[in-house]
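Architecture at a glance
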Amino acid sequence: MSGHTLFVGEGNFSFSSALSKLSPENKITATCLQRQEDVKHEGAAANIQMIRDSGGAVLFGVDCTRLEECASLQGAVFNRVIFNFPHCGRKSGVKKNRELLKKFFLSCVKVLDEHGDIHVALCNGQGGTPADQPMREWQNSWQVVAMAAEADLVLSSVQPFKSEEVESYKCTGYRSQDKGFHVENALVHVFTRSHPYTTPVRVTMKEIVGDQRVQYYVPIELSDFMTRDFLCSDSVHPIKLVQDYVVNGLEERCCITMATKPPPFLLNSEQRQTASLDGDDVTESHCYEIQLLRQEPLTQRVNETELRCQLAYLGLREKHTDPIESCVKSGSTTDTAVPNKSKNGRSVERLHVNPTGEYRPDKATPDVHKPNEDTSGVERPDVDTEKGSVGVFFVLRPSLLPQMEEMTVRRGEAKERGDLQTGKVVPVEEQIDGSHCRVNTGASIGRMLGISGLVFRDVPISPWAPPVFHQLLLRGLFPAACQPITSLGQTLERLLSPHGVSVVKEAGCLYLTAQPMGAVGRVFASVGKHAEGWVQVTVSLNLDLIASCLFSLPDWRLLWTRDPCFSKCFDPCLPLHPPLGEPQPSMPLFRQPSLFSRRLSFDVSFWKGPSAWDDRKFHALAREACLGAVEKVELVDFFSRQEQQALRTSYCYRVTYHSHSHALSHTKALELHRRLESLLCSHLHVTIR
């Protein structure tokens with residue numbers, strides 16, 4: 001232990017004296033509530049002298065609930081604050097001791113370093129956490145986690161209080177006497193500052209979809225998800241680690257080519273109508289409809305550099321053919337128009353080259369407005385009509401399937417054009433997945449094209465139903481004789497079953513499930529035109545839920561925390577999947593940033609007029625208002641009543657607040673709930689009961 005340590009509530013100063021000898025490099029300030037002449041504990045004088053001789057300071061008459069008022073502590077900042085066995089004295093009950101802890105924490109954070117910690121030693125059972133054995137009933141404990149949360153502190157760890165390792169330590173002060181506390185099985189609770197909550201801001205996105213340049217507002221409850229870029233090439237985020245782990249494992253069965261540039265977030269009306277989402281169990285009710293702020297036709301001409309970028313995006317990297325020779329001459333700088341339509345009539349996405357020739361990928365560009373802006377007054381295009389909006393023709397992609405279908409078709413067409421230059425005729429089955437799907441002498445059964453990225457689902461708030469998650473989609477065309485669904489399922493089972501994922505066969509498909517989250521993936525035969533004897537197989541995986549399984553995360557929301565300490569919990573070099581028959585690699589251990597956080601529930605009841613009620617709008621506002629701290633929303637009651645020739649309906653929702661990454665006190669949860677009530681009144685025009 002090094003730095004500057006503050007001890008509060010000392011009795012005979014034996015603990016601080018012992019640590020001053022064990023850690024001479026650590027600067028110690030020891031304090032007690034009593035005046036110097038009132039400190040008469042046995043050995044106190046010798047311990048005080050020991051602290052001073054080692055360069056430490058001893059202060060008397062210091063109230064640990066008013067540290068900022070102590071003149072001797074003005075301007076001081078401590079790396080660690082230690083409070084051993086706090087007690088109000090005499091026969092004080094649990095309520096008084098809770099209040100003591102609460103006031104101590106609120107005062108302590110004013111003298112604590114930003115990255116410092118607080119150690120509070122309590123007798124077994126007092127803390128009211130599962131670490132106590134036996135654990136007391138919550139109402140009979142000191143509720144130490146809840147009291148610390150009032151000061152925006154989280155419980156980072158719980159350690160045994162090893163008094164035997166502290167030489168000459170003698171516990172005193174029990175009921176203000178020279179008697180000691182029962183330190184057997186006592187626990188040290190370590191608290192650190194909570195990462196602040198992220199306030200949602202309005203984000204405007206600009207991107208190219210088909211042959212249109214569009215601009216739109218992201219639904220404000222999704223704004224914090226849009227620009228995190230967890231899957232970039234140099235990422236060590238758990239979601240990227242899991243994607244690499246799965247892809248490397250599946251490459252034992254097939255060669256996988258991942259698309260390197262992400263497609264747009266939006267799907268246009270044509271893509272919605274022509275592409276099937278059945279394979280991902282997505283319905284229209286799951287789609288976030290988007291009203292455009294601006295829409296204009298794209299009339300762009302491109303040169304050879306851009307065409308090469310487009311073909312690279314499609315994964316065409318074969319050295320023996322140059323598909324762009326049919327469009328431009330080698331080395332030419334003359335701009336050439338890109339065809340607007342493919343053979344199936346779908347729009348072709350665009351990639352950009354700026355005037356200097358620099359390549360710009362076709363991806364969404366966000367504009368974030370006013371980081372500290374209060375969003376309670378922001379117009380919501382998904383709730384109220386946006387002035388000047390173009391109309392609802394687009395949705396945030398609920399699945400990557402439509403864009404996967406478009407990519408495979410376009411890739412086949414581009415390959416066909418390229419092979420015509422060399423006079424080679426490519427079978428249909430090879431055009432679709434861009435590879436030669438022939439069974440070789442090894443274990444490989446073919447090749448697959450892969451794409452990954454964010455998808456958006458407008459789903460009710462529940463513990464394991466994220467509105468945004470990273471989807472990994474793999475598709476390939478295989479000889480039916482290889483039984484590719486079974487083969488891929490066996491590989492996935494070997495990869496994931498040690499982490500609680502089961503593979504279940506149902507109606508010709510394989511479902512990947514885990515408890516308690518439910519479905520985490522699917523392997524199924526895709527509908528498509530291909531030669532007899534061939535089957536097109538798609539693997540769809542929810543990377544967020546699989547990461548929660550592999551790293552034993554208690555909540556998918558932890559993956560989205562902005563706490564920089566989160567990424568430090570993971571090994572940046574996840575071991576590759578071993579060959580068959582070798583031991584399964586152990587996954588990196590995860591240390592939860594907030595232990596034993598408490599759930600808090602509040603009900604909200606309101607009257608709604610005769611207009612139709614949309615339950616999804618309530619859930620959207622709950623996500624916006626509660627800053628990621630809402631875990632579950634339930635409709636517990638509703639009834640209708642005729643009043644003055646108008647029918648009014650009362651709804652009652654129960655909102656459960658819970659966070660594994662942030663401090664969530666009763667005060668903070670109530671503040672979030674009041675914010676929700678305010679948004680309900682202003683946006684949905686309800687009357688709170």
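We now turn to the structure provided with this report.

Calculation notes
Residues numbered from 1 in each chain as written. Predicted model: local features only at pLDDT ≥ 70, side-chain atom pairs only at ≥ 80, totals over all residues. Heavy atoms only, no water. Helix = DSSP H or I, 4+ residues; strand = E, 2+ residues; numbered from the N terminus. Buried < 20%, exposed > 50% of the residue type's maximum accessible area, 1.4 Å probe, protein only. Contact = heavy atoms within 4.5 Å. Areas by Shrake-Rupley, 256 points an atom, 1.4 Å probe, with all protein chains shown as cover. Polar contact = N/O pair within 3.5 Å; in protein donor to acceptor, adjacent residues only side chain to side chain. Core = buried A, V, L, I, M, F, W, Y, C linked by side-chain atoms within 4.5 Å. Right-handed = clockwise from strand over helix to strand, strands pointing away. Pairing = 2+ DSSP bridges. Expected span 1.5 Å × (residues − 1). Axes fitted to C-alpha atoms, helices over the stretch in contact; angles between N-to-C directions. Left-handed = near helix turned anticlockwise from the far one by under 90°. Phe/Tyr/Trp six-rings, centres within 6.5 Å; stacked < 30°, edge-to-face > 60°. Lys NZ or Arg CZ within 6 Å of the ring centre and 35° of its normal. Salt bridge = Lys/Arg side-chain N within 4 Å of Asp/Glu carboxyl O.

Our focus in this paragraph is the overall build of the protein. Summing up its helical and strand segments, the protein has 13 helices and 28 strands in all. Within the span of the protein, comprising 689 residues, buried residues form 55% of the whole. Taking as baseline every contact in the protein between residues at least 6 positions apart, the subset at least 24 positions apart corresponds to 74%. Carbon together with sulfur atoms contributes 50% to the accessible area of the protein, which is approximately 31300 Å² in total.

Next up on the list: the side chain of Ser-141. With respect to the helices and strands, Ser-141 occurs in the loop between β5 (112-122) and α4 (144-149). Side-chain polar atoms of Ser-141 contact the backbone oxygen of Trp-138, separated by 2.9 Å.

Attention now goes to the nonpolar core. Counting 67 residues, the largest nonpolar core has Tyr-216, Leu-266, Leu-396 and Phe-456 as its most contacted members. Per-element accounting of this core gives the leading share, seven residues, to helix α5 (residues 238-250). Setting aside anything within four residues of it in sequence, one finds Phe-456 in contact with Leu-222, Met-226, Phe-265, His-286, Tyr-288, Leu-396, Arg-397, Pro-398, Pro-467 and Val-468. Listed in part, the 33 residues of the second largest apolar core include Leu-6, Val-111, Leu-122 and Ala-148.

Right, let's talk about the pairing of strand β1 (residues 4-8) for a bit. The element β1 is largely enclosed, with a buried count of five among its five residues. The side-chain alternation of β1 yields two buried faces, one formed by His-4, Leu-6 and Val-8 and the other by Thr-5 and Phe-7. Read as a crossover between parallel neighbours, the route from β1 over helix α1 (residues 14-22) to strand β2 (residues 27-31) is right-handed. Bridge analysis of β1 against strand β4 (residues 78-84) gives four bridges, and the strand direction is parallel. The partner of Thr-5 across the bridge, within β4, is Arg-80.

Under the 1.5 Å per step criterion, the end-to-end length of helix α3 (residues 94-108) is 21 Å for 15 residues, consistent within 8% with the ideal 21 Å. Buried residues belonging to α3 abut β1, β4, β5, α4, β6 (153-160) and β7 (187-193).

This next bit is on the sheet that holds strand β25 (residues 600-608). Spatial ordering of the open sheet is given by β26-β27-β25-β28, a layout of four strands whose pairing is antiparallel. A single partner strand is all that each edge strand has here, and the edge strands are β26 (630-643) and β28 (687-688). Sheet topology places β25 next to strand β27 (residues 646-657); nine bridges connect them, and they run antiparallel. By the bridge assignment for β27, Trp-607 is matched with Ser-650. Against the sheet, helix α12 (residues 615-625) makes contact with β25, β26 and β27, and its axis sits at roughly 135 degrees relative to β26, the strand it touches most. Lying over the sheet, helix α13 (residues 666-684) contacts β25, β27 and β28, oriented at roughly 15 degrees with respect to β25.

A few words on the packing of α1 against helix α2 (residues 44-53). It is at 9 Å that the axes of α1 and α2 come closest, and there the two elements cross at 35 degrees. In the crossing of α1 with α2, the sense of the turn from one axis to the other is left-handed. Residues Ser-14, Ser-16, Ser-17, Ser-20 and Lys-21 of α1 form the contact with α2, whose participating residues are Asn-47, Met-50 and Ile-51.

Ordered in space as β10-β19-β20-β24-β23-β22-β21, the seven strands form an open sheet in which the pairing is mixed. A strand with exactly one partner marks an edge of an open sheet, and here the two such strands are β10 (254-258) and β21 (501-506). Neighbour-to-neighbour, the strand axes of this sheet turn through a mean angle of 25 degrees, independent of strand direction. Direction of pairing for strand β19 (residues 446-456) relative to strand β20 (residues 468-479): antiparallel, over a ladder of eight bridges. Within β20, the residue paired with Ile-451 across the bridge is Leu-473. Of the strands in this sheet, β10, β19, β20, β21, β22 (509-514), β23 (518-525) and β24 (534-542) are in contact with helix α10 (residues 484-496), which crosses β24 at around 25 degrees. Its contacts with the sheet place helix α11 (residues 543-550) against β20, β21, β22, β23 and β24, and it is angled at close to 65 degrees to β24.

What follows is about the packing of aromatic side chains. Under the counting rule described, the total for this entry stands at 20 aromatic pairs. Measuring from centroid to centroid gives 6.1 Å for Phe-7 and Phe-15, while their planes differ by 65 degrees, and the two rings are edge-to-face. Overall, Phe-7 belongs to the buried group, its relative accessible area being 0%. Of the residues examined, Phe-15 reaches a relative accessible area of 9% and is grouped as buried. Each ring, one from Phe-638 and one from Tyr-651, has its centre 6.2 Å from the other, and the planes form 20 degrees; the classification is stacked. You can see Phe-638 sitting in strand β26 and its partner Tyr-651 sitting in strand β27, a full 13 residues away along the chain. Here the aromatic cluster, defined as three or more aromatic residues joined through ring pairs, consists of Phe-606, Trp-613, Phe-618, Phe-638, Tyr-651 and Tyr-653. The ring of Phe-524 carries the charged tip of Arg-522 above its face, separated from the ring centre by 5.0 Å.

This brings us to the pattern of salt bridges. Following the criterion strictly, the structure yields 21 salt bridges and no others. In this structure, Lys-240 engages Asp-244 in a salt bridge whose closest nitrogen and oxygen atoms are separated by 2.9 Å. Separated by four residues within a single helix, Lys-240 and Asp-244 lie in helix α5, roughly one turn from each other. Note on Lys-240: relative accessible area 10%, which makes it buried. Each member of the salt-bridge network shares a partner with another, and the members are Asp-555, Arg-557, Arg-599 and Glu-631.

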